[in-house]
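Residues per chain are reported as follows:
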Amino acid sequence: STPPVSNFLRTIIDQDLANGTYAQKRWAGKPGPASVQAHGAVDAARIRTRFPPEPNGYLHIGHAKSICLNFGLARDYGGVCHLRFDDTNPEKEEDEYVKAIIETVRWLGFSWETPEEDNLYFASDYFGYMYEFAQALIRSGDAYVDEQNAEQMRATRGTLTEKGTNSPWRDRPAAESLALLEEMRAGKHPDGSLVLRAKIDMGSPNMNMRDPALYRIRHAEHHRTGNAWCIYPMYTWAHPVEDALEGITHSLCTLEFEDQRPFYDWILNKLAELGQLSRPLPHQYEFSRLNLSYVVTSKRKLLELVREGHVAGWDDPRLPTLAGLRRRGYTPAAIRLFCERLGVSKADSRIDYSVLEQALRDTLDPVAERRVAVLDPLKLVITNYPEGQSELCHAPANPHQPEAGTREFPFARELWIERDDFQEVPAKKYFRLFPGNTVRLKYGYIVTCTGCVKDENGRITEVHAEYLPETKSGTPGADSVKVKGTITWVSAAHAVPAEIRLYDRLFSDPHPDAGDKNFLEALNPNSYHAVQGWLEPGTQADPEASWQFERLGYFVADLIDSTRDKPVVNRTVTLKDAWI
Ligand code: ATP
Ligand code: MG
Ligand code: MG
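Source: prediction; values computed, not measured.

K.L.:
So what exactly am I meant to see when it comes to helix H12 (residues 332–342) here?
P.N.:
Working note: α-helix, 3.6 residues per turn, so residues spaced by three or four point in the same direction. Looking only at H12, the buried set comprises Ala334, Ile335, Arg336, Phe338, Cys339 and Leu342. Buried residues along H12 sit against helix H3 (61–76), strand S12 (290–292), helix H11 (322–328), strand S13 (349–351) and helix H13 (353–364). Positioned one or two residues after H12, Gly343 has a phi angle of 70 degrees, which is positive.

K.L.:
Which parts of the structure should I look at to understand the sheet that holds strand S24 (residues 490–491)?
P.N.:
Paired through their backbone hydrogen bonds, the strands of a sheet run either parallel or antiparallel. If you walk across this open sheet you meet the seven strands as S23-S20-S21-S22-S16-S19-S24, and the pairing is mixed. Sheet topology places strand S23 (486–487) and S24 at the edges, where each strand pairs with a single neighbour. Bridge count for strand S21 (residues 446–454) against strand S22 (residues 460–467) is seven bridges, and the pairing is antiparallel. Following the sheet pairing, Val447 is matched in S22 by Tyr467.

K.L.:
Got a minute to help me understand the UniProt feature "short sequence motif: 'HIGH' region" (unreviewed entry) in the protein chain in this structure?
P.N.:
Under the feature "short sequence motif: 'HIGH' region" (unreviewed entry), the UniProt entry names residues 53–63. For residues 53–63, the end-to-end C-alpha separation is 8 Å, with 27% helix and 0% strand making up the annotated structure.

K.L.:
How do you make sense of the site of ligand 1 when you look at a structure like this?
P.N.:
Ligand 1 sits among 15 residues. The nearest are Pro53, Gly62, Ser66, Arg289 and Lys299. In terms of residue count, the dominant contributor to the shell around ligand 1 is H3 (four residues). Classifying every residue of the shell around ligand 1 gives four nonpolar, six polar and five charged.

K.L.:
Can you walk me through the sheet that holds strand S15 (residues 373–374) in this structure?
P.N.:
The seven strands are arranged S14-S27-S28-S29-S25-S26-S15 in an open sheet whose pairing can be described as mixed. Bordering the open sheet on either side are strand S14 (369–371) and S15, each of which pairs with just one other strand. Relative to strand S28 (residues 553–557), strand S27 (residues 546–549) runs antiparallel, the two being bridged by four bridges. Looking at the pairing, Gln548 lines up with Tyr554 of S28. On top of the sheet, H13 reaches S27, S28 and strand S29 (568–573); it is set at about 110 degrees to S29, its chief contact.

K.L.:
Any chance you could explain the packing of helix H5 (residues 127–139) against helix H7 (residues 174–185) here in plain terms?
P.N.:
Each pair of packed helices can be described by the angle between their axes along with the distance between the axes. It is at 9 Å that the axes of H5 and H7 come closest, and there the two elements cross at 160 degrees. It follows from the interaxial angle that H5 and H7 lie roughly antiparallel. Note on packing geometry: the crossing formed by H5 with H7 is right-handed. Of the residues in H7, those in contact with Tyr131, Ala134, Gln135, Ile138 and Arg139 of H5 are Ala174, Ser177, Leu178, Leu181 and Arg185. Considered class by class, the residues forming the contact of H5 with H7 number six nonpolar, two polar and two charged.

Conventions we followed
- Residues numbered from 1 in each chain as written.
- Chains lettered and ligands numbered in written order.
- Predicted model: local features only at pLDDT ≥ 70, side-chain atom pairs only at ≥ 80, totals over all residues.
- Buried ≥ 20, exposed ≤ 12 C-beta atoms within 10 Å, placed from the backbone.
- Helix = DSSP H or I, 4+ residues; strand = E, 2+ residues; numbered from the N terminus.
- Contact = placed C-beta atoms within 7 Å.
- Pairing = 2+ DSSP bridges.
- UniProt positions renumbered as here; feature names shortened; annotations may be inferred.
- Near = placed C-beta within 6 Å.
- Nonpolar A, V, L, I, M, F, W, Y, C, P; charged D, E, K, R; others polar.
- Axes fitted to C-alpha atoms, helices over the stretch in contact; angles between N-to-C directions.
- Parallel < 35°, antiparallel > 145°, perpendicular 65-115°, else oblique.
- Left-handed = near helix turned anticlockwise from the far one by under 90°.

This is the structure we're talking about:
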């Protein structure tokens, strides 16, 4: 494989390693505050990154960028990457999502396990530490319980041009705030009545530094901690603490969190000064998120598509979820190549969907086994070929890999061909079958079309042709007749019947949710249809078997619905870019 392309994050890591930024870092083999890490081994020169999904939905292609970045850097620098569930928001989180996320990260080819460590963590395991840290911040005069309601807090927060005003509760004695926090935790106060806030600066030009909330009251059951807690940490407070407890060195997030970085640093430095966290502390770096055309990647919108039945589920092959892409036939290698080609920068960009498709073709072409298949079948009868007879034809398993050998399948009197490979009255420059024309049946014989049969409605039901016995592919006479057209076919008596699911883009608009557009209005009504087709004899459609069907594209046997006896095959992508 090619060496990784450098980027601003690699430059930072190179410098940190050269400067010994993490030379004093200790790691106790488990997350914890300074008191725990003090007993750990020196973990110098080992970078630690993390991928921190919230288990409130399935992962999508945007998450793949973050996964490949975080796990990729850890791998390339001999470090480790944690998988951490950021489950601090009780209402929207579920175990189903936890399982699906674990499976998807593994499927992509990454691991959070090392011989010594199993770095799978849940932020909810740190609720106790967070609570102790909050108490320490109150004691040191850096946090207070505010009794203003949400509306009053909004009003006193100020604006970009106007400073905020201090809460009347801001300078209450620490003992009072400590007692109130205790009561909040004990469930003595209703949702929204009290908030713990950091005491920073209501006049800061950065709105995020105007006494941000740390804890809010939520009487809600959590998928892991049940009813143990009724106060939950705000994301902006929880996240730096999670990073520090886990000894993360480089905390990578998307650009929308750039304005949060001063608070991230403030909170960690405060807690380190108070002896709660050990140094060196993690640093936050921002990169631009992936925006892909023709899809939506907001989990809220994906959830809406699933809940309202616009798609069959989170793994619907039309969705940009990783479970959906997998079912569609996308491979981990293709998604990793796509992310590699995206690179990492701070520049906002929109990536065309065709870039993802091309990464798939580029990874499949060298390895995919070839098959023939017919999706829109029309009978071709070779009228001078004996009934009941058949013979084998040979084709390469993969033309790029001679060592992969050949496949064989029978030629017989009755074949299936694609309906559009015959025209009774040929259009200009049409070189395939029409009465009087001669074409090659790929890997078989050259045939001359003699006519067709129609039903009472004028629909063509059969095409007739005569074969030239000396022209079989791979025999000396194969080139004795020159033809301009080649078509694919399967023997009707031997071919494998299959349900073939043809997918198109889910949205007709390249930017379905740009501005204040309603993305549901951009749904493509023709994004899915299924046909009955025929596969090359001998094709075994075990779940996730995949092939290139010659002339047609890449296809995969459906992960859930396909069996050898009843093949169900999804079209992953056509051979050529159809998105222009
Ligand atoms: P969504 O907006 O879809 O709900 P999220 O960012 O809220 O996504 P998380 O589960 O919190 O979802 O994301 C986990 C990680 O994945 C975060 O570090 C986040 O920065 C990253 N991530 C999410 N979406 C993208 C994207 N489109 N491009 C790059 N990284 C992303
Ligand atoms: Mg998030
Ligand atoms: Mg979100």
